[in-house]
Amino acid sequence: MDNSPASSDMMHISDAEFHSIRDLVYQHFGIALTEQKKGLVVGRLQKILKQHKFNSFKEYYDHLVADKSKAAITELANQITTNHTFFFREIEHFDFFKSDVLPWMVNEHKANRNNDLRIWCAAASSGEEPYTIIITLLEHFGMDYKNWNCGLLATDVSEKALVAALRGVYDQTRLQGVPTPIINKYFKKNNDGYEIAEKVKKEVTLRKFNLMNETLPFKKPFDCIWCRNVMIYFDAPTKHALVNRMYKHTVNGGYLLIGHSETLARDQTPWKYIKPAVYRKEE
Ligand SMILES: C[S@@+](CC[C@H](N)C(=O)[O-])C[C@H]1O[C@@H](n2cnc3c(N)ncnc32)[C@H](O)[C@@H]1O
């Protein structure tokens with residue numbers, strides 16, 4: 001069902017208004033909105049304009065710029081980001097994680113007598129991706145899981161998505177493609193849908209973090225970073241600046257997993273291409 005307002009109800013956006021909002025979105029979130037996205041912007045921001053009784057996009061823009069509390073920017077992030085995601089998305093990554101990444105991580109950490117596996121899910125949306133990573137770890141380690149500190153950092157810029165992740169309750173339709181034994185083992189059916197099991201949830205630390213932040217405020221470097229299906233919204237300079245910041249925050253031998261429709265330019269990044277959507281730090 002299409003819930004977007006009928007086009008006659010849509011507030012008009014002038015080119016100048018669109019350009020000022022587009023520039024603000026780019027500056028804050030790195031999201032590059034092309035002219036073709038004008039309709040999408042109007043559709044998504046309509047609700048905010050109506051709710052706050054702004055008479056034009058210019059009024060809304062002025063409020064965004066003037067609002068010192070940053071509540072308006074937070075609301076903009078909630079509306080303008082695309083949070084589409086699902087469990088076990090791009091299954092090849094989970095297979096590769098089990099076959100190559102985890103055995104390497106285990107060896108490294110055993111050699112260093114350190115059980116802290118450091119994994120970051122950098123655009124976690126409503127939780128399906130980080131919860132799938134934890135399920136994969138639990139399945140991989142079995143009884144040995146308790147001997148590893150697998151806790152996962154999951155971040156996103158959208159508070160709305162993070163609230164959904166924290167709730168961890170999903171409609172049955174969202175579990176399509178998840179094997180029944182996994183559903184039985186890691187979800188609890190209640191009146192609202194399927195709730196992710198506490199043993200999975202407690203392993204994920206959810207935090208708000210904007211990937212445009214010039215510094216990554218994490219104490220220790222990561223073994224594996226999942227940054228999937230977010231860089232499609234960024235332009236090439238933004239994307240490469242981001243992965244290069246991530247590179248500095250990854251241990252030697254560590255991995256970067258990106259979406260299968262995303263690529264990195266060889267001459268723009270030190271990440272070594274391993275195979276589609278898989279990169280590694282090799283120094
Ligand atoms: C399409 S979802 C992808 C979710 C998941 N990684 C996956 O592959 O299924 C993109 C996510 O990136 C987040 N995002 C967009 N811009 C961001 C930014 N500047 N910083 C952090 N997260 C951002 C959005 O809020 C959204 O939840």
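Below is a summary of the structure that appears in this document. (Residues numbered from 1 in each chain as written. Predicted model: local features only at pLDDT ≥ 70, side-chain atom pairs only at ≥ 80, totals over all residues. Heavy atoms only, no water.)

Scanning the model with the defined rule gives 13 salt bridges in all. Between Arg228 and Glu129 there is a salt bridge whose closest N-O contact spans 2.4 Å. Of this pair, Arg228 sits in the loop between β7 (222-227) and α10 (236-248) while Glu129 is found in helix α6 (residues 128-141), placing the two residues 99 residues apart along the sequence. For Glu129, a relative accessible area of 5% corresponds to the buried category. Taking the shortest distance from any N to any O, the salt bridge between Lys202 and Glu203 comes out at 3.0 Å. (Salt bridge = Lys/Arg side-chain N within 4 Å of Asp/Glu carboxyl O. Helix = DSSP H or I, 4+ residues; strand = E, 2+ residues; numbered from the N terminus. Buried < 20%, exposed > 50% of the residue type's maximum accessible area, 1.4 Å probe, protein only.)

Helix length check: helix α1 (residues 15-29), at 15 residues, gives a terminal C-alpha distance of 21 Å against a target of 21 Å (1.5 Å per residue), a fit within 8%. If you check which residues of α1 are buried, you get Glu17, Phe18, Ser20, Ile21, Leu24, Val25 and Phe29. Projected down its long axis, α1 shows its buried positions confined to an angular sector of 165 degrees, all on one face. Turned more than 90 degrees away from the buried face of α1 sit Ala16 and Gln27, all of them exposed. On its buried face, α1 sits against α2 (38-51), α3 (57-66) and α4 (71-80). Gly30 sits one or two residues past α1 and shows a positive phi near 75 degrees. (Expected span 1.5 Å × (residues − 1). Arc of directions from axis to C-beta. Contact = heavy atoms within 4.5 Å.)

The immediate surroundings of the ligand are formed by 22 residues, with Thr85, Arg89, Ala123, Asp156 and Arg228 found nearest. One of the side-chain nitrogen or oxygen atoms of Arg89 is found 2.8 Å away from an oxygen atom of the ligand. Within the backbone of Val157, a nitrogen or oxygen atom sits 3.3 Å from a nitrogen atom of the ligand. Relative to its unbound accessible area of 600 Å², the ligand is 99% covered by the protein chains. Of the residues that constitute the shell around the ligand, the class distribution is nine nonpolar, nine polar and four charged. (Near = heavy atom within 4 Å. Polar contact = N/O pair within 3.5 Å; in protein donor to acceptor, adjacent residues only side chain to side chain. Areas by Shrake-Rupley, 256 points an atom, 1.4 Å probe, with all protein chains shown as cover. Nonpolar A, V, L, I, M, F, W, Y, C, P; charged D, E, K, R; others polar.)

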